[in-house]
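# Working through the structure, step by step
For reference, the chains in residue letters:
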Amino acid sequence: MSSNLGSMPLRYRVTIDREQCMECERCIENCSYGVFRRDGDRILINSRKCTACHRCLAYCPRDAIMLEEQPCDYRSHPVWTRAVRESIYNQARTGKIILAGMGSVANLPIIFDHLMLDACQVTTPPTDPLREPVELRTYLGKKPSKLEFRQKPNGDVELSTELTPNLMLETPIMLGHMSYGAISLNAHVAMARAARETGTYMGTGEGGLHPGLYPYQDRMIVQVASGRFGVNVDYLERGAAIELKLGQGAKPGIGGHLTGEKVSADVSRTRMIPQGSDAISPAPHHDIYGIEDLPQLVNSVKEATERKKPVFAKIAAVNNNAENVAAVARSGVDAIAIDGFRGGTGAAPRVFRDHVGIPIEVAISTADQELRNQGLRNEVSLIACGSIRESTDVVKAIALGADAVYIGTAALAAMGCRVCGNCYQGLCPWGIATQRQDLVDRLNPDVASKQIANLIHAWTLEITELMGAAGINSIESLRGNRDRLRGYMLDEGLLDILDVKSVGA
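Rules behind the numbers
Residues numbered from 1 in each chain as written. Predicted model: local features only at pLDDT ≥ 70, side-chain atom pairs only at ≥ 80, totals over all residues. Heavy atoms only, no water. Phe/Tyr/Trp six-rings, centres within 6.5 Å; stacked < 30°, edge-to-face > 60°. Helix = DSSP H or I, 4+ residues; strand = E, 2+ residues; numbered from the N terminus. Buried < 20%, exposed > 50% of the residue type's maximum accessible area, 1.4 Å probe, protein only. UniProt positions renumbered as here; feature names shortened; annotations may be inferred. Expected span 1.5 Å × (residues − 1). Contact = heavy atoms within 4.5 Å. Pairing = 2+ DSSP bridges. Axes fitted to C-alpha atoms, helices over the stretch in contact; angles between N-to-C directions. Salt bridge = Lys/Arg side-chain N within 4 Å of Asp/Glu carboxyl O. Parallel < 35°, antiparallel > 145°, perpendicular 65-115°, else oblique. Left-handed = near helix turned anticlockwise from the far one by under 90°. Nonpolar A, V, L, I, M, F, W, Y, C, P; charged D, E, K, R; others polar.

Okay, the packing of aromatic side chains next. On inspection of all chains with the given rule, the structure shows two aromatic pairs. A ring pair is formed by Tyr74 and Tyr89, whose centres lie 6.1 Å apart and whose planes are at 35 degrees; its orientation type is tilted. Here Tyr74 is found in the loop between strand E4 (65-69) and helix H3 (82-94), whereas its partner Tyr89 is found in helix H3, with 15 residues between them in sequence. Assessed through its relative accessible area of 15%, Tyr74 is described here as buried.

This next bit is on unusual backbone geometry. With a phi close to 65 degrees, Met272 is a non-glycine residue in the positive phi region. Mapping Met272 onto the fold places it in the loop between helix H6 (265-271) and strand E16 (279-280). Phi at Asp499 takes a positive value of approximately 60 degrees, unusual for a residue other than glycine. Mapped onto the elements, Asp499 comes out in the loop between helix H16 (492-498) and strand E23 (501-502). The class of Asp499 is partly exposed, set by a relative accessible area of 45%.

Below, the discussion takes up the UniProt feature "domain: Glutamate synthase" (unreviewed entry) in the protein chain. When the UniProt feature table is mapped onto this chain, "domain: Glutamate synthase" (unreviewed entry) is found at residues 109-473. Here residues 109-473 is 31% helix and 15% strand, with 31 Å between the C-alpha atoms at its ends.

Along an α-helix, a turn takes 3.6 residues, which lines up residues three or four apart on a common side. Given a rise of 1.5 Å per residue, 14 residues ought to cover 20 Å, and the 20 Å separating the end C-alpha atoms of helix H4 (residues 185-198) matches this to within 8%. Of all 14 residues making up H4, 11 are buried, and the element is well covered by its neighbours. Looking at H4, one finds that the buried residues are Leu185, Asn186, Ala187, His188, Val189, Ala190, Met191, Ala192, Ala194, Ala195 and Thr198. Elements in contact with the buried residues of H4: strand E11 (173-175), strand E12 (202-203), strand E13 (220-224), helix H12 (409-415), helix H13 (437-440) and helix H14 (445-469). Trailing H4 by a residue or two, Gly199 shows a phi angle of about 75 degrees, which is positive.

All right, on to the sheet that holds strand E22 (residues 485-487) then. Across the sheet, which stays open at both edges, the three strands sit in the order E6-E22-E23 with mixed pairing between neighbours. Either end of the sheet is taken by a strand with one partner, and the two such strands are strand E6 (115-117) and E23. Bridging between E22 and E23 involves two bridges; their strand directions are parallel. Within E23, the residue paired with Arg486 across the bridge is Lys501. Against the sheet, helix H11 (residues 391-399) contacts E6 and E22, and its axis sits at roughly 95 degrees relative to E6.

Across all of its chains, the model carries 32 salt bridges by this definition. Note that Glu206 and Lys245 form a salt bridge whose closest N and O atoms lie 3.9 Å from each other. Residue Glu206 is located in the loop between E12 and E13, and its partner Lys245 is located in strand E14 (residues 241-245); the two are separated by 39 residues in the primary sequence. The network of salt bridges with shared partners includes Asp368, Arg372, Arg377, Asp403, Arg479 and Arg482.

In contact at an axis separation of 8 Å, helix H8 (residues 321-329) and helix H10 (residues 360-373) are set at 50 degrees when each is read in the N-to-C sense. Judged by the inter-axis angle, H8 sits oblique to H10. The interaxial crossing formed by H8 with H10 has right-handed handedness. Where H8 abuts H10, its residues Asn321, Ala322, Val325, Ala326 and Ala329 lie against Ala363, Thr366, Ala367, Glu370 and Leu371. Counted by class, the contact of H8 with H10 contains seven nonpolar, two polar and one charged residues.

Following this line, the structure appears as structure tokens:
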């Protein structure tokens, strides 16, 4: 049945400079959305199919293609925005929930951008990283409240305190959880190689571990989500650590969703689900209906791996974040990853992505303060994730109380992603968020891994410089050091929550 809605104004308009175009058809070859097609002696354009992935622009040898965003808009209105109206039209036509990819696009202030870092001047000299060591090595896991030693008969002294398993990172930057299925195997391999090269770790996301990643399993944090796709003892034993996914910043309170278009034969074998079917994880774990059930699951996983691996938990940042973190810390986990409301995803209902949760800056700060108040800070490490965009975000997150961060979208961008937000369609022309083999083959894991490693190296160097400028010579001294932050154009209430002073104070 046709609708009464007609056509929507174009979101993007694609044009070709015919004087520059050499008719090489690379735009046709590269556009997986079908924007370009040959008709006789001309290349025709269907701008309605464009997602602004920029693949055609990147591979046009003459720079002949131009892309204009919103060439024709609706009548301007402060309440009935374009996004609101198009959601209504889409749902009036389909009667369905609107899915969206990547992180929130809500036009809300980014707190990181209103936090200014400190630097030493006359009264306290800075540290020069080129001449003095600045230690970024990070340990994730429980820390003993004190160390005890005993003297051996021969007079030597040895540590008698039993230490729990920790992960040692050469940089406080880790690669966040993105599942095989949501992204391609080549993207996963690239991230795994980059993790190995930079001395850090990557998350597998939910859905098992492809055999192609076994050579890098010592750099993997395997994830157990509510769907338990691909989870068995072999999977748990292969990881360097295990993460229990209890929530996700892009969609707090609901489970995961991998569209059937991305469940290829290989993904179905790895996830142990039928090919072509949607993989929908339930909202809660079926064995956790209260916080008292979580310690049982944590202990079960630890017992299954002979207590040789640290166990993490991942939660979404929501209103009662501090209480959630304290409760999870008492369950016996070794680290807690907190995912802010701008966290990325392959597919999430738009209303959750843009309207549910709280910012990671607030979540990590309140969690750190609550753990300190309850004497639990050394019981767990905190990992911040959800829109970590550059090295300064890493430094600010650690100064607010994190031990380390996960990056996701930044790693995808390092591989070529243009953040067009159409991951759920499975047609990513960059070979990242797709399972179509001809598209997957476009991503060279050797090249992509080098680009991710370059990004981590560059950020690590910048973190070293920022710490040196502030006279801080170890990441431990930066952790929770809010005195090195000042709020700029933040209201008093938010500054109190962050426990950060205003600029000038």
